[in-house]
Amino acid sequence: MQVEVKLHGVLREILPTAAKGRTQLQVEEGSTVADLLEQLAIRRRVLVAVNDQAETEPAYVLQEGDHITIFTAVSGGAAHHSSSRHF
Amino acid sequence: MPYGYNGRVLHIDLSTEQIQIEEPPDSFYRKYMGGSAMGLHYLLKESPAGIDALASENVLCLFAGVLTGTPISGQSRLTAVAKSPLTDAVGDSQSGGFFPAELKFAGFDGIVIKGKASKPVYLWIKDGQVEIRDASHLWGKITGDAEAMLKEELEDERIEVLQIGPAGENLVRFAALISMSNRANGRTGMGAVMGSKNLKAIAVRGASKPEIADRKKLLALTRAGTKAFPDSDVFGLGKYGTAEVVMPQNRAGGLPTYNFNSGTFAHCEDISGETMFDNFLLGADRNMQNTKGRDTCYSCTVRCKRVVEIQEGPYPVDPHYGGPEYETLATFGSYCGIDDLAAIAKANEYCNKLGMDTISCGATIAWAMEAFSEGALTLQDTGGIDLHFGQTENMVRLVQMIGRREGFGDLLAEGSARAAARVGRGTEEFLIVSKKQETPAHMPQVKPSLSVIYATNPFGSDHQSSEHDPSYRFYPERMAEIGLTDPQPKLAFNEEMMRFAMVTQHLYSAMDSINVCQFVYGPAWQLYSAGELAQAARAVTGWDVSVEELLELGERRLNMMRAYNAREGLGKNEDQLPEKMFKKGLKGGRSDGYKIDHQAWLKLRDHYYRLCGWDVDSGTPTRQKLDQLGIGWIAGTDALQQAA
């Protein structure tokens, strides 16, 4: 299934510059937020927010068409950190 | 003389042109370490109680720290301390750059400035020699021009200059001290204090580096930080600057919008760090932002400062004046309902040219915009300037008018609290201030412990005086290092969060005294842990410095400030939060309806006082607390006797 991913800050460098952090990704049915981070090889401490949520747990199971926003951990802006993880 | 220091403090009386050099004992250095605490020592001892902050009796103290000028990252910091003309409380402000390290190389740990020169002067400090020189030809010049003239006059391109711009000369109450034409000791109006003394600038140059006790250990720590940087949380700060936080702040509903009426700005992406990186940083047209569009402080691996260049359009920006920080993007941007990053960068350029704090300047304009939008200010008041939210061109125009005290800008140059008091007509209800200082761009509605820190902080609302709430949950291992082992749920506002606020406040307070950058050593923005900060201090001084000693240093500095305020007649009555934060829920976004529970806040403010060891009725440190911190001498002066 396909989900839409928006990467912020230095996470944008995972994608080609022209993408400016936006991409559509194919993920397996039943994939979680944690699986998505593995797939993107994100090793940083991050904050993930799916659709309209302020933060989303790593165990959340992704749905077709989900909009997933991923931020790096930043102090002043890290208003909702609990779903984040540190590899 | 202790390792790491010059062992020399410069005293200047501008009224008498007397220059003295003091060599304090080692015990003095160990107790205060540097920066803010060291400056407070002199402010408390040498300035009389109850003075006008712009009177010649005010004492302006400028101090570097023990690590300043060594090779480790995040150490080139300067703290300015004096009575604040904005808050009438203790004033305190930090900045980085190269001036702090060069001051150490020039032979001094700090400068204590008293009196008032009879005409504009500047100080020239080179290799331990000091001169007071005529600055009549520099008066009225913008910072970049004055700096260039000094370099030519002193025939040395490598001097470092700390100066005021026209705003400081004009006694704008939130005028800043500026170095490199783009670094600001921005908060609490230290530039107005310097201007009131007819002191335009301080130029420094030197070749002596204080001796380090264990150079090998310090270099090992330095290399470890550089190696850890690419994988650290502070890496993104280096690349995108503090502007990196615009988007996550907005996502959390914590980006101040329309003068704190909302925490969500529909156009946040237009003023984000990513947009600045892609379009406005120097070198963006050649994909060379990382080499051209970033700047640094002395010997720092992070390189978080921005360099913006705009050549075309209505808002051309000269890269000499740097680029906007997060606070600047938010206060001139979302706070004012403005989504034009070029205009914000232009406002930032004017603040650096004229020498003003971008936070107070932007937030004061936002106050005027809300008052205007609500009909409490009219075109007659503003001299015909339309100040509805989002009036981009007029915002930029007003910044210049404030710095030069022209027209309506003359009123706003007093700061929003004094302006509201003068205008009346209900404009007070739009104020976002604590102790008359405009509130930074972090919202207590989504970080509740900040509500008590903003109110009680001795120098007015400040976002860099304690760790922000989510860090307790997010960095449990780092918080445990300073004894915080009970993380609380999201938005918790309780006694444990007050303990979190106080303990992290002590660490931040220590960082402002040992004088290091909070982005490098802070509990959350961390390249080095608190334990590693203690190790660095041990390596430089040879003293057995511990984390506990650092926390006590921070507590000592905080209590010195509260004692100073008590002397000036400020206490619990001044520890207030803007009424709007209690009465009006935020509108829209993920923080829709959020406000602070007033009754809970009152109880927790008292709890915070108790944790601090302060009298709950007055908010003043007890004699027992001052004795415990080794500063009982303050109670022996008139500081607390007047308060009692």
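Here, residues in each chain are numbered from 1, in the same order as that chain's written sequence. Chains carry letters from A onward and ligands carry numbers from 1 onward, assigned in written order. Thresholds applied to this predicted model are a pLDDT of at least 70 for local features of residues and 80 or more for the giving and counting of side-chain atom pairs; totals over whole chains, interfaces and linings are not thresholded and use all residues. The side-chain quantities take in all heavy atoms of the structure and omit both hydrogens and water.

## Re the overall build of chain B
Helix and strand assignments follow DSSP, with helices taken as H or I runs no shorter than four residues and strands as E runs no shorter than two, numbered in order from the N terminus. From N to C terminus, chain B includes 30 helices and 16 strands. Counting only C-alpha atoms and orienting by the principal axes, one finds that chain B spans roughly 60 × 55 × 50 Å. For chain B, the residues scored as buried account for 69% of the 644 residues in total. The contact criterion used is simple: two residues touch if any of their non-hydrogen atoms lie within 4.5 Å. Across chain B, the fraction of contacts at a sequence separation of at least 24, relative to all contacts at a separation of at least 6, is 69%. For chain B, the exposed surface amounts to about 19900 Å²; the carbon and sulfur share of it is 45%. None of His or the chain ends enter the tally, which takes Lys and Arg as positive and Asp and Glu as negative. Lysine's charge is taken at NZ, arginine's at CZ, aspartate's at CG and glutamate's at CD. If you average the places of the 67 positive and of the 81 negative side-chain charges in chain B, the two averages end up 2 Å apart. Between buried and exposed lies partly exposed: a residue is buried under 20% and exposed over 50% of the maximum accessible area for its type, with that area taken using a 1.4 Å probe on protein chains only. Methods summary: accessible areas were calculated by the Shrake-Rupley approach with a probe of 1.4 Å, and residue burial reflects only the protein chains presented.

## Focus: the overall build of chain A
When you go through chain A residue by residue, the secondary structure sums to one helix and four strands. Counting helices and strands in the order they occur from the N terminus, chain A gives β-β-α-β-β. For chain A, the residues scored as buried account for 59% of the 87 residues in total. Accessible area of chain A: about 3700 Å², with a carbon and sulfur share of 49%.

## Remarks on the sheet that holds strand β2 (residues 18–22) of chain B
Residues and elements named next belong to chain B. Spatial strand order, β2-β1-β6-β3-β4-β5: six strands in an open sheet with mixed pairing. Pairing within the sheet leaves two strands with one partner each, and these edge strands are β2 and β5 (90–95). Direction aside, neighbouring strands of the sheet carry axes that sit 15° apart on average. Here three bridges tie strand β3 (residues 60–63) to strand β4 (residues 78–83), and the two strands are oriented antiparallel to one another. Paired with Leu62 across the two strands is Ala80, which belongs to β4. Between the N-to-C directions of two axes lies an angle of 0 to 180 degrees, each axis being a line fitted to C-alpha atoms and, for a helix, fitted only over the stretch in contact. Contacts from helix α2 (residues 35–46) reach β1 (9–13), β2, β3, β4, β5 and β6 (110–114) within the one sheet, and its direction differs from that of β4 by about 25°. Against the sheet, helix α25 (residues 547–567) makes contact with β4 and β5, and its axis sits at roughly 145° relative to β5, the strand it touches most. When DSSP locates at least two bridges between a pair of strands, those strands are taken to pair.

## Considering the interface of chain A and chain B
Between chain A and chain B, the contact holds 33 residues from the first and 35 residues from the second. We define a salt bridge as a side-chain nitrogen of Lys or Arg found within 4 Å of a carboxyl oxygen belonging to Asp or Glu. In this structure, the connection of chain A to chain B is made through seven salt bridges. Polar contact is the term for a pair of N or O atoms within 3.5 Å; when the atoms are in protein, one must be able to donate a hydrogen and the other to accept it, and sequence-neighboring residues count only if both atoms are side-chain atoms. Here chain A is connected to chain B by 17 residue pairs in polar contact (both at pLDDT 80 or more). For the side of chain A that touches chain B, the secondary-structure elements that each account for two or more residues are β3 (46–50) and β4 (67–72) of chain A.

## Examining a negative patch on the surface
Together, Asp134, Glu152, Glu153 and Glu155 of chain B make up a negatively charged patch on the protein surface. Relative to the assigned elements, Asp134 of chain B resides in strand β8 (residues 129–134). The residues that make up patches have over 30% relative accessible area and no salt bridge, and they are joined within 9 Å when like-charged or within 5 Å when they are Val, Leu, Ile, Met, Phe, Trp or Tyr.

## Here we look at the packing of aromatic side chains
Residues and elements named next belong to chain B. Pairing of aromatic side chains here covers Phe, Tyr and the six-membered ring of Trp, requires ring centres within 6.5 Å, and sorts the geometry by plane angle: under 30 degrees stacked, over 60 edge-to-face, intermediate tilted. All chains considered together, the criterion is met by 20 aromatic pairs over all chains. A centroid spacing of 5.6 Å and a plane angle of 85° characterise the contact between Phe28 and Tyr29, whose relative ring orientation is edge-to-face. Relative to Tyr609, the ring of Tyr608 has its centre 6.4 Å away and its plane inclined at 55°; by these criteria the two rings are tilted. Residue Tyr608 is classed as buried on the basis of its relative accessible area, which comes to 0%. For Tyr609, a relative accessible area of 0% puts it in the buried group.

## Observations regarding the confidence of the model for chain B
All names here are of chain B. Values of pLDDT, ranging from 0 to 100, describe the predictor's confidence in every residue of the model. Here chain B shows a mean pLDDT of 96. Residues at 70 or above account for 99%. By mean pLDDT, helix α30 (residues 638–643) is the weakest element of chain B at 50, and strand β12 (residues 199–205) is the strongest at 99. The ipTM assigned to the predicted complex is 0.89, against a pTM of 0.97.

## Some thoughts on the environment of Glu438 of chain B
Residue and element names in this part refer to chain B. With respect to the helices and strands, Glu438 occurs in strand β16 (residues 437–438). Taking the C-alpha atoms as reference, Glu438 lies 8.9 Å from Asp462; in sequence the two are 24 residues apart. Setting aside chain neighbours within four positions, we find Glu438 in contact with Leu86, Arg187, Ile359, Ser360, Ala363, Thr364, Gly415, Ser416, Ala417, Ile432, Val433 and Ser461. In terms of polar contacts, Glu438 uses its side chain to reach the side chain of Ser360, at 2.6 Å.

## Looking at the sheet that holds strand β11 (residues 183–185) of chain B
Residues and elements named next belong to chain B. Sheet architecture is open: six strands sit in the order β8-β7-β12-β9-β10-β11, paired in mixed fashion. Where the open sheet ends on each side, the last strands, each with one partner, are β8 and β11. Averaged over neighbouring strand pairs, the angle between their axes works out to 20° when direction is ignored. Bridge count between strand β10 (residues 177–179) and β11: three bridges; the pairing is antiparallel. By the bridge assignment for β11, Leu177 is matched with Asn185. Of the strands in this sheet, β7 (121–126), β8, β9 (160–163), β10 and β12 touch helix α4 (residues 143–153), which is tilted by about 135° from β9.

## Some details on the pattern of salt bridges
Residue and element names in this part refer to chain B. Overall, the coordinates contain 43 salt bridges over all chains when judged by the stated rule. As a salt-bridge pair, Arg557 and Asp92 come within 3.1 Å of each other at their nearest N and O atoms. Pair noted here: Arg557 is in helix α25 and Asp92 is in strand β5, with a separation of 465 residues, a long-range link. One salt-bridge network, in which partners are shared between bridges, spans Arg173, Arg405, Asp410, Glu414 and Arg422.

## Regarding helix α19 (residues 449–456) of chain B
Residue and element names in this part refer to chain B. Among the eight residues that make up α19, eight are buried, leaving the element largely enclosed by the rest of the structure. Among the residues of α19, those classed as buried are Ser449, Leu450, Ser451, Val452, Ile453, Tyr454, Ala455 and Thr456. In this structure, the buried residues of α19 make contact with β15 (433–434), α22 (495–515), α25 and α27 (598–612).

## Section: the packing of α19 of chain B against α27 of chain B
All names here are of chain B. Contact geometry of α19 with α27 gives a least axis separation of 10 Å together with a crossing angle of 65°. As far as their axial angle goes, α27 and α19 are roughly perpendicular. The crossing of α19 and α27 is right-handed. Of the residues in α27, those in contact with Ser451, Val452, Ile453, Ala455 and Thr456 of α19 are Trp601, Arg605, Tyr608 and Tyr609. Considering only residue class, the contact of α19 with α27 consists of six nonpolar, two polar and one charged. The scheme is simple: roughly parallel for angles under 35 degrees, roughly antiparallel for over 145, roughly perpendicular for 65 to 115, oblique for anything else. Crossing handedness is read from the near helix: turned anticlockwise from the far helix by less than a right angle, it gives a left-handed crossing, and turned clockwise, a right-handed one. Think of it as three bins: nonpolar holds Ala, Val, Leu, Ile, Met, Phe, Trp, Tyr, Cys and Pro, charged holds Asp, Glu, Lys and Arg, and polar takes everything else, Gly as well.

## Let's talk about the packing of helix α13 (residues 341–354) of chain B against helix α16 (residues 392–403) of chain B
All names here are of chain B. Remark: α13 packs on α16, axes separated minimally by 10 Å, with the N-to-C direction vectors making an angle of 5°. When the axes of α13 and α16 are compared, the pair comes out roughly parallel. Side by side, α13 and α16 meet where Ala343, Lys346, Ala347, Tyr350, Cys351 and Leu354 of the first sit next to Thr392, Met395, Val396, Val399, Gln400 and Gly403 of the second. Grouping the amino acids of the contact of α13 with α16 by side-chain chemistry returns eight nonpolar, three polar and one charged.

## So, the nonpolar core
All names here are of chain B. Nonpolar cores were defined as sets of buried Ala, Val, Leu, Ile, Met, Phe, Trp, Tyr and Cys residues, with membership established by side-chain atoms within 4.5 Å. The biggest cluster of nonpolar side chains holds 183 residues, and the ones touching the most others in it are Met356, Ile365, Val399 and Tyr608. If you tally residues by element for this core, the top one is α22, at 11 residues. Once you skip the residues sitting within four places of it in the chain, Ile365 turns out to touch Phe332, Cys336, Met395, Leu398, Val399, Ile402 and Leu412. Judged by nonpolar contacts, the second largest core, of 28 residues, contains Leu60, Leu78, Ala106 and Ile125.

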